[in-house]
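So the chains spell out like this:
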Amino acid sequence: MNEQMRRACAMLGLSTLLWSGIGQAQMHHHHPASSDTTTHRRAKPVAHQHEGMTHEGMHGGMNMSGMDMGEMPMTGAYGPYPMSREASGTAWQPEAARHEGIHVMRGAWMAMLHGSADIVYDNQGRDGGDEKVFSDNMGMGMAQRPLGPGTLGLRAMLSLEPATIGKDGYPLLLQTGETANGRTPLIDRQHPHDLFMELAGSYSISSGNRSLFIYGGLPGEPALGPPAFMHRFSGINIPVAPITHHWLDSTHITFGVLTAGAVMDHIKVEVSAFRGREPDQDRWNIESPKLDSHAFRLSVNPTDHWALQLSYGRIHSPEQLEPDVNQDRTTASAIYDGTFGDTGRWEETVAWGRNRNRPGHILDAFTAEAAAALGERHTLFARVERVEKDELFLDPGARAGQGFQVGELTAGYRFDFWRRERLSTGIGLAGAVSQVPRELQDVYGNSPASVLVFLHAALR
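So, a few notes on the structure that sits alongside this text. (Residues numbered from 1 in each chain as written. Predicted model: local features only at pLDDT ≥ 70, side-chain atom pairs only at ≥ 80, totals over all residues. Heavy atoms only, no water.)

**As for the pattern of salt bridges**
For clarity, the threshold we go by: Take a side-chain nitrogen of Lys or Arg and a carboxyl oxygen of Asp or Glu: if they are within 4 Å of each other, that pair is a salt bridge. Counting from the N terminus, the helices are the DSSP runs of H or I reaching at least four residues and the strands are the DSSP runs of E reaching at least two. Residue exposure (1.4 Å probe, protein chains only): buried if accessible area is under 20% of the type maximum, exposed if over 50%, otherwise partly exposed.
Per the counting criterion, the structure on display carries 25 salt bridges. Here Arg 232 ties to Asp 249 by a salt bridge, and the two come within 3.2 Å at their closest N and O atoms. Here Arg 232, found in the loop between strand 9 (210–217) and helix 3 (233–236), pairs with Asp 249, found in the loop between helix 4 (245–248) and strand 10 (257–264); they are 17 residues apart in sequence, far enough to count as distant. Across the pair, Asp 249 and Arg 232 agree in class, each one buried. In this structure, the salt-bridge partner of Lys 268 is Glu 270, at a minimum N-O distance of 2.4 Å. With respect to burial, Lys 268 and Glu 270 carry one shared label: buried.

Take a look at the structure:
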């Protein structure tokens, strides 16, 4: 199948998904949503709690830590706590965070469907800067049920970005990482995600407020870093990736992951073995698994509103074009999710990452991002980043391999003009200002500015 045919099929599939969501939103009987201000009640560890229960079409976008449906506890796949604590892979977010999407219970199975798509006009401002229209998108399904003494969990996440963005990615000043052709690295561009972002399963056994779990994925996400940016409310509203992505959460698509963990109430410890190599330029396939890297993560949720993590990973040969370079990555992050007024919600993430290349430089990155939902229709978002990069120039140039400290400030607003029970659609505008040192201004200019205009659709 040629590239044009793939793009056409992907756009048709994306349109079909959105229209089917609209049709469901118009025809489905309404179930009242639980209030965002519901007092958080900790889920009790009830064995086989979903057996024989049926509730189809449970309303999405609810705070799963506070349920009104007969006080039926809905625990996570990895332990006896509210499922709202779970984010991407095995990472934790605050329990106060919401799981947007469609929630369904049928017999012993509980399933959730999440999905979002943006159609973006991207104009990256600098002398000779690039522009592009593209769509970033993802759909995710999760299901779990009691099995024997524990809980079986299944997860799948897919994206049509190999077609709706294309191999060469989209313009994003100061972004680096991965390749479009297997010969040259992507610079000032963000790569598309793979078609298969996660195909994973898990099994957990709980006793009281403790549990043990195993998780495996091809692909999957190891225990390294905070939740991936498209799974954080503070990050998903921004229609482009952070330029600190490869310092914090770039391992969220890893072809071969095995994780074992233990939960003790508000504390979780994990260890992962995984393939260190990042995805190659062929975004449509499943690559061969290998367990040549490892990671450790400590997560602490001291209250319903906070999620803290500290992690370390030794990554074998992450970059295809630098196979002899290994990397030690250390990350730390804090996420706060809170409310204001009757319907307001905001979330903030602060994260730091360090890549120690062996051989090579020690490079640090810092990001702070926040989003605020003002009622149901208005969303404000912002992100500030500072990162040291040594991949902005290619050989044989004099600046190739040199480290430079760069930054970016992004802020914007989205108005959801059309909302139904299952689907919301909005339009947004964002601006970004890039910060470069004086010695790079001959290439990037002085504080180049970029503009993003986008349409947004999401299951809710």
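Structure's up, so let's keep going.
**Describing the pairing of strand 17 (residues 378–389)**
For the record, the criterion: DSSP-based pairing: two strands are paired if at least 2 bridges between them are found.
What you see with strand 17 is a clean split: Thr 379, Phe 381, Arg 383, Glu 385, Val 387 and Lys 389 sit on the buried side and His 378, Leu 380, Ala 382, Val 384, Arg 386 and Glu 388 on the side with no burial. Bridging between strand 17 and strand 18 (residues 404–419) involves 12 bridges; their strand directions are antiparallel. Bridge pairing in strand 18 places Lys 389 opposite Phe 404.

**With respect to the pairing of strand 5 (residues 150–158)**
Strand direction decides the pairing type here: strand 4 (residues 131–147) and strand 5, joined by 9 bridges, are antiparallel. Opposite Met 142, over in strand 5, you have Arg 155 as the bridge partner. Taken together, strand 4 and the strand that follows it, strand 5, pair antiparallel across an intervening segment of 2 residues, in which Gly 148 is found at a positive phi of about 60°. Pairing of strand 5 with strand 8 (residues 196–207) involves 8 bridges; the strand directions are antiparallel.

**Quick word on the nonpolar core**
General note: in soluble globular proteins, nonpolar side chains tend to be found buried as a group. Rule in force here: Nonpolar core, defined: a set of buried Ala, Val, Leu, Ile, Met, Phe, Trp, Tyr and Cys residues in which side-chain atoms within 4.5 Å join the residues together. The contact definition used throughout considers only heavy atoms, calling two residues in contact when any of these lie within 4.5 Å.
Ranked by size, the top nonpolar core spans 47 residues in total, and within it Tyr 170, Leu 174, Val 240, Leu 392, Val 406, Leu 440 and Tyr 444 carry the most contacts. Leaving out residues up to four positions away in the same chain, Val 240 has contacts with Phe 134, Tyr 170, Leu 172, Arg 383 and Leu 452. Formed by 13 residues, the second largest nonpolar core is a distinct cluster that contains Tyr 78, Tyr 215, Leu 224 and Phe 274.

**What about the side chain of Arg 414?**
Selection criterion: We define a polar contact as two N or O atoms separated by no more than 3.5 Å, with the added condition that, inside protein, one atom must be a possible hydrogen donor and the other a possible acceptor, whereas residues neighbouring each other in sequence contribute only through side-chain atom pairs.
Among the secondary structure elements, Arg 414 is positioned in strand 18. There is a polar contact of 2.8 Å between the side chain of Arg 414 and the side chain of Asp 416. Leave out the neighbours within four places in its chain, and Arg 414 touches Asn 237, Arg 377, His 378, Thr 379, Phe 381, Gly 426, Ile 427, Gly 428, Phe 454 and His 456.

**Observations concerning the environment of Val 387**
In this fold, Val 387 is placed in strand 17. Along the backbone, Val 387 and Thr 367 are 20 residues apart, and their C-alpha atoms lie at a distance of 8.4 Å. Non-local contacts of Val 387, meaning those with residues more than four positions away in its chain, are made with Ile 243, Thr 244, Trp 247, Asp 364, Ala 365, Phe 404, Gln 405 and Val 406.

**Looking at a nonpolar patch on the surface**
Put simply, the rule reads: Patch membership needs two things, relative accessible area over 30% and no salt bridge, and members are linked within 9 Å if like-charged or within 5 Å if nonpolar (Val, Leu, Ile, Met, Phe, Trp, Tyr). Only the protein chains shown count as cover for residues, and all accessible areas are computed by the Shrake-Rupley method using a 1.4 Å probe.
A cluster of nonpolar side chains, Ile 119, Tyr 121, Val 133, Phe 417, Ile 427, Leu 429, Val 451, Val 453 and Leu 455, forms an exposed patch at the surface whose accessible area comes to about 770 Å². Breaking the nonpolar patch down by element, the ones donating at least two residues are strand 3 (109–123), strand 19 (423–435) and strand 20 (449–459). It is strand 20 that provides the largest number of residues to the nonpolar patch, a total of 3 residues. Residue position: Ile 119 is located in strand 3.

**What to know about the packing of aromatic side chains**
Condition: Between rings of Phe, Tyr and Trp, where Trp is taken as its six-membered ring, a pair exists when centres lie within 6.5 Å; planes separated by under 30 degrees are stacked, by over 60 edge-to-face, and by other angles tilted.
For the structure shown, the criterion picks out 8 aromatic pairs. Ring centres of Tyr 78 and Phe 213 lie 5.1 Å apart, and the angle between their planes is 40°; on these two criteria the pair is classed as tilted. Of the two residues, Tyr 78 is situated in the loop between strand 1 (55–58) and strand 2 (102–106) and Phe 213 in strand 9; the sequence distance between them amounts to 135 residues. On the basis of relative accessible area, Tyr 78 is assigned to the buried category, the value being 0%. What makes Phe 213 buried here is its relative accessible area of 3%. Aromatic side chains Phe 381 and Phe 454 sit 6.3 Å apart centroid to centroid with 50° between the ring planes, which places their arrangement in the tilted category. Linking Phe 381 in strand 17 with Phe 454 in strand 20, this pair joins segments that are 73 residues apart in sequence. Exposure remark for Phe 381: the relative accessible area of 4% places this residue in the buried category. A residue is classified by how much of its surface remains accessible, and Phe 454, at 2% relative accessible area, is buried.

From the geometry alone we can't say anything about function, so treat these as descriptive.
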